[in-house]
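Summary of the model geometry
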There are 2 protein chains.
Amino acid sequence: MTSIKDVANLAGVAVGTVSRVINNSGAVKPKTRQKVEAAIQELNYFPNEVARNFKMQKSKMVALLLPSIWNPFFSELAYYIEDELDREGYKLMLCNSGGKPEKELYYLDMLRQNKVAGIVGITYNDIENNVSNDIPIVSIDRHFNKKITCVTSDNYEGGRLALRELVKAGARKPAFMGSVTSVFSETMNRREGFIHEAQALGVDYVIYEKPDPIVDNQGFINEFLHNHGDADGIFAITDMLAACYIDQASKQGIRVPEDVKVIGYDGIQDNPYFHPILSTVRQPVEEMARMTIRLLYDKIEGIPLDKQVYRIPVVFRQGETT
Amino acid sequence: MTSIKDVANLAGVAVGTVSRVINNSGAVKPKTRQKVEAAIQELNYFPNEVARNFKMQKSKMVALLLPSIWNPFFSELAYYIEDELDREGYKLMLCNSGGKPEKELYYLDMLRQNKVAGIVGITYNDIENNVSNDIPIVSIDRHFNKKITCVTSDNYEGGRLALRELVKAGARKPAFMGSVTSVFSETMNRREGFIHEAQALGVDYVIYEKPDPIVDNQGFINEFLHNHGDADGIFAITDMLAACYIDQASKQGIRVPEDVKVIGYDGIQDNPYFHPILSTVRQPVEEMARMTIRLLYDKIEGIPLDKQVYRIPVVFRQGETT
DNA sequence: CATCAAATTTGAAACGTTTCCAAATTAACT
DNA sequence: AGTTAATTTGGAAACGTTTCAAATTTGATG
């Protein structure tokens, strides 16, 4: 492989000079620059990025650690994250943890060994103590501590919004359906918003939860239908759960939205060719992704951030289920 | 950062010895090994992977170059590819090209500079000439030349299968709906299989194509409906197109499957909560992903492959649209 | 205990950059 | 032209690892 040394020889200059030409650093006489550039052309030389990373002790690689890229919400997020990273010449490394704590730690270790510039983490367990201080992290939807900045949709307002929309659509006894998430998860606030708004409006409501992650959605939903057949509105903590509910409910002859109104959360239906089109609280995925990366840039450059948690407004998107 | 030298000092041995302990290469006396391991423990040392990559002039990084991870077919593929890579300690770098030739070339250049171990490419234009020989590539669904091995579903059989299923479901005049793909694209064979099977069975058929990629699906479909209102079976080249057709057709009062039978290709509906559940030719995504990576491993290790194109059987999956 | 082969260890070179100081050249004034 | 200041260039050191030839230790054998 042709190296900077070959270029220097051919151009009749020192390696340092070639380096300065390549990086536009330091002063170089126009004539010298020309010679060097000619040599680069002739040898079809391109800098060895690996050597550079090594020398600089840092790389332009950012890792995205999430449960599964297969999940449509995450794949949309990953799309925008990669796009935003590319704008500054950063590269994206993808790590599927499956939500398993041991795999999350395994990847965290690996990323440290590989000296990535930063990490975007969507993790299931508390990684606060397993993370070295010298690698910037921004997490999505998980708030651990000062060290790890968090970007999230405004879950609390989302919960309130969902409750209001259910009531507006005619529900008299709305139910929250979801999982008991860890105290670190910001998604917990969806439930809080729901509850507080129900109380503020004086509406009767139901809370139904299962440990996270829910493995047996169907069983969970059937149990709910058995115990709370009187609920006439559902706020499901994710679109997937909402869709699953509708599927199960229809098997029992329950019609949506005639008998029960349903609202999900996420807004994963990008191409609304499939039905029912969910009424949902749409997360501003693109904005979240870009903000995450820009905050990560700040951390990489050592710029102090003014907040620990950045909440981005959500909007209600009307579908066919309310 | 603590380096191999610190470990060597603490353990009272030479750096070479530490290296041999870490890599299990060469002979090391048990007693020495113990001393070294103790030192590693005490210093909490872990090898600098970047330095290693540099010295070895290769990394365990594989790039996945595709139009958009947002596309559910690709995100499933990416999931399995990452999983298979991780089994051998390889890492995945994700590159969204948007299907734009210039972006594909830009990424290819970048990957070369970064000395990735290999590339999985799902590209829109012919990258044959823009790729150096020293970096192994396996492509999915695109067959350029000897240099680039191709993994694909058995598109030809998939086309035949779709035609047969449409006829079996009662269609008298089935239509193929898709895009005129480049000659390099293996997906072209879906059309060929469709045509040949129709001819073999003596069935009347329609071929309707638009340049790839189709930007205005709706316009394309409406044009089709206008020109070929008599077609009573549709084989759409992707599930997305099938779903879009059904959506448009229903707006014109056409019922599926009563009036028209529809079959897609891909099998993207992993969680069939949404309707209609498409009848489709399911690509064996997991198998394709794993085979792709194993072939890439062979290429990385210089093992010659016996074929240029590896075709994996498809199956028909009955949904609600036939 | 002397010898020799095998096993183990040492330490320097190399990988391709960037960076920094010193040296050399050029430019700007008297 | 001579002096000084500013600009440009040269080249070595350093980053953390692996590898390899040479040196040393070990252990068996006579």
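Residues numbered from 1 in each chain as written. Chains lettered and ligands numbered in written order. Predicted model: local features only at pLDDT ≥ 70, side-chain atom pairs only at ≥ 80, totals over all residues. Heavy atoms only, no water.

Turning our attention to the overall build of chain A. Of regular secondary structure, chain A possesses eleven helices and twelve strands. Relative to a compact globule of 322 residues, whose C-alpha radius of gyration would be 20 Å, chain A shows 25 Å and is clearly more extended. Dimensions along the principal axes, computed over C-alpha positions, put chain A at roughly 85 × 40 × 35 Å. Across the 322 residues of chain A, 55% fall into the buried class. A total accessible area of about 14,000 Å² is found for chain A, and carbon and sulfur atoms account for 50% of it. Seen as two clouds, the 37 positive and the 42 negative side-chain charges of chain A have centres 9 Å apart. (Helix = DSSP H or I, 4+ residues; strand = E, 2+ residues; numbered from the N terminus. Rg over C-alpha atoms; globule rule 2.2 N^0.38 Å. Buried < 20%, exposed > 50% of the residue type's maximum accessible area, 1.4 Å probe, protein only. Areas by Shrake-Rupley, 256 points an atom, 1.4 Å probe, with all protein chains shown as cover. Lys, Arg positive; Asp, Glu negative; His and termini not counted. Charge placed at Lys NZ, Arg CZ, Asp CG, Glu CD.)

What follows covers the layout of surface pockets. As a volume, the second largest pocket reaches approximately 1,100 Å³. Lining the second largest pocket are 35 residues, with A:Asn48, A:Ala51, B:Phe54, B:Gln57 and B:Lys115 positioned closest to its centre. Those elements that provide at least two residues to the lining of the second largest pocket are helix 2 (15-23) and helix 4 (49-56) of chain A together with helix 4 (49-56) of chain B. Among the elements that take part in the lining of the second largest pocket, helix 4 of chain B stands out by supplying five residues, more than any other. By residue class, the composition of the lining of the second largest pocket is 16 nonpolar, ten polar and nine charged. (1 Å grid on protein atoms, 1.4 Å probe; cavity = no way out; pocket = protein on both sides within 12 Å on 5 of 7 lines; lining within 4 Å. Points joined across faces, edges and corners; volume = space filled by probe spheres on them. Nonpolar A, V, L, I, M, F, W, Y, C, P; charged D, E, K, R; others polar.)

Take the packing of aromatic side chains next. All names here are of chain A. Counting across every chain of the model gives 31 aromatic pairs over all chains. When the centroid spacing of 5.3 Å and the interplanar angle of 70° are considered together, the rings of Tyr-208 and Phe-224 count as edge-to-face. You can see Tyr-208 sitting in strand 7 (residues 206-211) and its partner Phe-224 sitting in helix 9 (residues 217-227), a full 16 residues away along the chain. The buried category is assigned to Tyr-208, whose relative accessible area is 11%. Every member of this aromatic cluster is reached through a ring pair, and the members are Phe-176, Phe-194, Tyr-205, Phe-235 and Tyr-265. The ring of Tyr-124 carries Arg-142 above its face, with NZ or CZ at 5.6 Å from the centroid. For Arg-190, the ring lying beneath its charged end belongs to Tyr-265, and the centroid distance is 3.7 Å. (Phe/Tyr/Trp six-rings, centres within 6.5 Å; stacked < 30°, edge-to-face > 60°. Lys NZ or Arg CZ within 6 Å of the ring centre and 35° of its normal.)

Following A:Val256, the chain continues to A:Pro257 via a peptide bond in cis, the omega torsion being 10°. Secondary-structure assignment places A:Pro257 in the loop between helix 10 (239-251) and strand 9 (261-266). Cis rather than trans, the peptide bond between B:His275 and B:Pro276 has omega equal to -5°. Here B:Pro276 shows up in the loop between strand 9 (261-266) and strand 10 (279-282).

What follows deals with the UniProt feature "domain: HTH lacI-type" (unreviewed entry) in chain A. Mapped onto the present numbering, the UniProt feature "domain: HTH lacI-type" (unreviewed entry) falls at residues 2-56 of chain A. Helix makes up 71% of residues 2-56 of chain A and strand 0%, whereas the separation of the span's terminal C-alpha atoms amounts to 20 Å. (UniProt positions renumbered as here; feature names shortened; annotations may be inferred.)

This next bit is on the pairing of strand 9 of chain A. Residues and elements named next belong to chain A. In terms of residue burial, strand 9 counts as a mostly covered element, since six of its six residues are buried. Here strand 9 shows a buried face lined by Lys-261, Ile-263 and Tyr-265 and a second buried face lined by Val-262, Gly-264 and Asp-266. Two strands pair when backbone bridges link them, and strand 8 (residues 233-236) and strand 9 are joined in this way by three bridges, in the parallel orientation. In the sheet register, Phe-235 faces strand 9, and the bridge partner there is Ile-263. Handedness of the strand 8-helix 10-strand 9 crossover: right-handed. Pairing analysis gives four bridges linking strand 9 to strand 10 (residues 279-282), with the strands arranged parallel. Residue pairing for strand 10: Tyr-265 is matched across the bridge by Val-281. (Pairing = 2+ DSSP bridges. Right-handed = clockwise from strand over helix to strand, strands pointing away.)

Glancing now at the protein's contact with DNA strand C. The immediate surroundings of DNA strand C are formed by 28 residues, with A:Ser19, A:Tyr45, B:Thr17, B:Arg20 and B:Thr32 found nearest. Per the 4 Å cut-off to the protein, sugar and phosphate atoms form 63% of the nearby atoms of DNA strand C. At a separation of 2.9 Å, a phosphate oxygen of DNA strand C approaches a polar backbone atom of B:Ala14. Within the residue set of the surface near DNA strand C, elements represented by two or more residues are helix 2 and helix 4 of chain A together with helix 2 (15-23) and helix 4 of chain B. With five residues, the top contributor of residues to the surface near DNA strand C is helix 4 of chain A. In terms of residue class, the surface near DNA strand C is built from twelve nonpolar, ten polar and six charged. (Near = heavy atom within 4 Å. Polar contact = N/O pair within 3.5 Å; in protein donor to acceptor, adjacent residues only side chain to side chain.)

Contacts to DNA strand D come from 27 residues, most closely from A:Arg20, A:Thr32, B:Ile4, B:Ser19 and B:Tyr45. Near the protein, meaning within 4 Å, the atoms of DNA strand D are sugar or phosphate in a fraction of 64%, with bases accounting for the rest. In the environment of DNA strand D, a base nitrogen lies 3.4 Å from a nitrogen or oxygen atom belonging to the side chain of A:Arg20. Side-chain polar atom of B:Lys55 to a base oxygen of DNA strand D: 3.4 Å apart, as the coordinates give it. If you list the elements that add at least two residues to the surface near DNA strand D, you get helix 2 and helix 4 of chain A together with helix 2 and helix 4 of chain B. Among the elements that take part in the surface near DNA strand D, helix 4 of chain B stands out by supplying five residues, more than any other. For the surface near DNA strand D, the residue count by class is eleven nonpolar, ten polar and six charged.

Further remarks concern the environment of B:Leu64. Residues and elements named next belong to chain B. Structurally, the position occupied by Leu-64 is in strand 1 (residues 61-66). On the basis of relative accessibility, which here comes to 0%, the residue Leu-64 falls in the buried class. It is 8.7 Å that separates the C-alpha atoms of Leu-64 and Ile-81, two residues lying 17 residues apart in sequence. With residues up to four places along the chain from it excluded, the contact list for Leu-64 reads Ala-78, Ile-81, Leu-92, Met-93, Leu-94, Cys-95 and Val-120. (Contact = heavy atoms within 4.5 Å.)

A few words on empty space enclosed by the protein. For the structure shown, the criterion picks out four cavities of 30 Å³ or more. By volume, the largest cavity is sized at about 270 Å³. In terms of lining residues, the largest cavity is bounded by 18 residues, among which A:Asn53, A:Met61, B:Asn53, B:Ser59 and B:Met61 are the most central. Secondary structure elements with two or more residues in the lining of the largest cavity: helix 4 and strand 2 (91-96) of chain A together with helix 4 and strand 2 (91-96) of chain B. Split into classes, the residues belonging to the lining of the largest cavity amount to eight nonpolar, six polar and four charged.

Each copy of the sequence occupies a distinct position, and chain A is placed on chain B by a rotation of 180° and an axial shift of 0.0 Å, giving an RMSD of 0.1 Å. What the superposition gives is, in effect, a two-fold axis relating one chain to the other. Looking at the interface residues of chain A, 100% of them are also at the interface in chain B, so both copies use one shared face. (Least-squares fit on C-alpha atoms with pLDDT ≥ 70 in both.)

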